[in-house]
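# Secondary and tertiary structure notes
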Amino acid sequence: MQNIIIDKPYRFVLPGNGTFWLKIFLACMPRYLRKHQGVKSWEILGVERLQASIDAGHGIMLAPNHCRPGDPMVLSMLGKAVNRPMFIMASWHLFMQNWLFAWLLPRLGVFSVNREGMDREALKFAVKVLTDTRRMLVLFPEGVVSRTNDRLGHLMEGTAFIARKAAKQR
């Protein structure tokens, strides 16, 4: 059970730029997905179109629905397939679960967002990721794990705001 009520004031958590821990994590990922998330296999389709966008120097934002807790880890396998790491936006409460999450998540390219308020630092960082184009940006526009894969929930406004702001800056 995750603790979603945090007594501490919000503080933006910036991700690291290195890939050392990410490479180690990706090497262990298939086994972890099988054992802990129930993901036995995956198939990546249309990777050549994504690769063409990367080669053209486009900023890439992936905005999938979030029906299982393992979704970010499965998406990281897409990053591995195109040899492009990702920055993933995640709720701040995940960084406050325990010391391991607080240490590991930023090293894997995860940065925090305060879903309950206007988090200008997270928005600025997300726009910067899209304009720099060195990494892909992943955010889940529903804002929560929805538990339904066949129905899309209400989308948060941040996704469109980030895309528009990055397009203006490019």
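The following refers to the structure shown. Keep in mind that this is a model prediction, so the values were computed, not measured. (Residues numbered from 1 in each chain as written. Predicted model: local features only at pLDDT ≥ 70, side-chain atom pairs only at ≥ 80, totals over all residues. Heavy atoms only, no water.)

Here the focus is the nonpolar core. Leu50, Leu62, Leu75, Met86, Met136 and Val138 are the most contacted members of the largest nonpolar core, which totals 18 residues. Listed by contribution, the elements that provide at least two residues to this core are helix H2 (47–55), helix H3 (71–81), strand E2 (86–91) and strand E4 (136–138). Among the elements that make up this core, the one with the highest residue count is E2 (three residues). With sequence-adjacent residues up to four places away left out, Leu62 is seen in contact with Leu75, Leu78, Met86, Met136, Leu137, Val138 and Leu139. With 16 residues, the next largest nonpolar core counts Met89, Phe111, Phe125 and Val129 among its residues. (Core = buried A, V, L, I, M, F, W, Y, C linked by side-chain atoms within 4.5 Å. Buried < 20%, exposed > 50% of the residue type's maximum accessible area, 1.4 Å probe, protein only. Helix = DSSP H or I, 4+ residues; strand = E, 2+ residues; numbered from the N terminus. Contact = heavy atoms within 4.5 Å.)

Relative orientation of the contacting elements helix H1 (residues 20–37) and H3 amounts to 145 degrees, with a least axis distance of 10 Å. Relative to H3, H1 is oriented so that their crossing is left-handed. On the side of H1, the interface is formed by Phe25, Leu26, Met29, Pro30, Tyr32, Leu33 and Gln37, while H3 contributes Met73, Val74, Ser76, Met77 and Lys80. Split into classes, the residues belonging to the contact of H1 with H3 amount to nine nonpolar, two polar and one charged. (Axes fitted to C-alpha atoms, helices over the stretch in contact; angles between N-to-C directions. Left-handed = near helix turned anticlockwise from the far one by under 90°. Nonpolar A, V, L, I, M, F, W, Y, C, P; charged D, E, K, R; others polar.)

Taken together, the side chains of Phe20, Trp21, Ile24, Trp99, Leu100, Phe101 and Trp103 make up a nonpolar region of the molecular surface, amounting to roughly 740 Å² of accessible area. Secondary-structure elements contributing two or more residues to the nonpolar patch are H1 and helix H4 (99–107). By the element assignment, Trp21 lies in helix H1. Among the residues examined, Trp21 registers a relative accessible area of 36% and is labelled partly exposed. (Patch = residues over 30% accessible without salt bridge, like charges linked within 9 Å, V, L, I, M, F, W, Y side chains within 5 Å. Areas by Shrake-Rupley, 256 points an atom, 1.4 Å probe, with all protein chains shown as cover. Salt bridge = Lys/Arg side-chain N within 4 Å of Asp/Glu carboxyl O.)

All right, on to unusual backbone geometry then. Residues apart from glycine generally show negative phi values, whereas peptide bonds are mostly found in trans. One non-glycine residue, Asn83, adopts positive backbone phi at about 55 degrees. Looking at where Asn83 falls in the secondary structure, it is placed in the loop between H3 and E2. Residue Thr133 is not a glycine yet carries a positive backbone phi of 65 degrees. Considering the arrangement of structural elements, one finds Thr133 in the loop between helix H5 (120–132) and E4.

The tally for this structure, following the rule as stated, stands at two salt bridges. The residue Asp132 makes a salt bridge to Lys128 at a minimum N-O spacing of 3.5 Å. Taken as a pair, Asp132 and Lys128 lie in helix H5 at a separation of four residues, close to a single helical turn. Residue Arg134 is joined to Asp132 by a salt bridge in which the shortest nitrogen-to-oxygen separation is 3.8 Å. Owing to a relative accessible area of 58%, Arg134 belongs among the exposed residues under this scheme. By relative accessible area, which is 31% here, Asp132 ends up partly exposed. In this structure, a network of salt bridges that share partners links the residues Lys128, Asp132 and Arg134.

Below, the discussion takes up the packing of aromatic side chains. For the structure shown, the criterion picks out seven aromatic pairs. Plain terms: the ring middles of Tyr10 and Trp92 are 5.4 Å apart, the flat faces sit at 75 degrees to each other, and that makes the pair edge-to-face. Remark: Trp92 occurs in the loop between E2 and H4 and Tyr10 occurs in the segment before H1; sequence separation between them is 82 residues. On the accessibility criterion, Tyr10 (26% relative accessible area) is partly exposed. Where Trp21 meets Trp103, the ring centres are 4.9 Å apart and the plane angle is 75 degrees; that geometry is what we call edge-to-face. Of the two residues, Trp21 sits in helix H1 while Trp103 sits in helix H4, which places them 82 residues apart along the sequence. The class of Trp103 is partly exposed, set by a relative accessible area of 31%. Each member of the aromatic cluster is reached from another via a ring pair, and the members are Phe12, Phe87, Phe111 and Phe125. Positioned above the aromatic ring of Phe87 is the side chain of Arg135, whose terminal nitrogen or guanidinium carbon lies 4.4 Å from the ring centre. (Phe/Tyr/Trp six-rings, centres within 6.5 Å; stacked < 30°, edge-to-face > 60°. Lys NZ or Arg CZ within 6 Å of the ring centre and 35° of its normal.)

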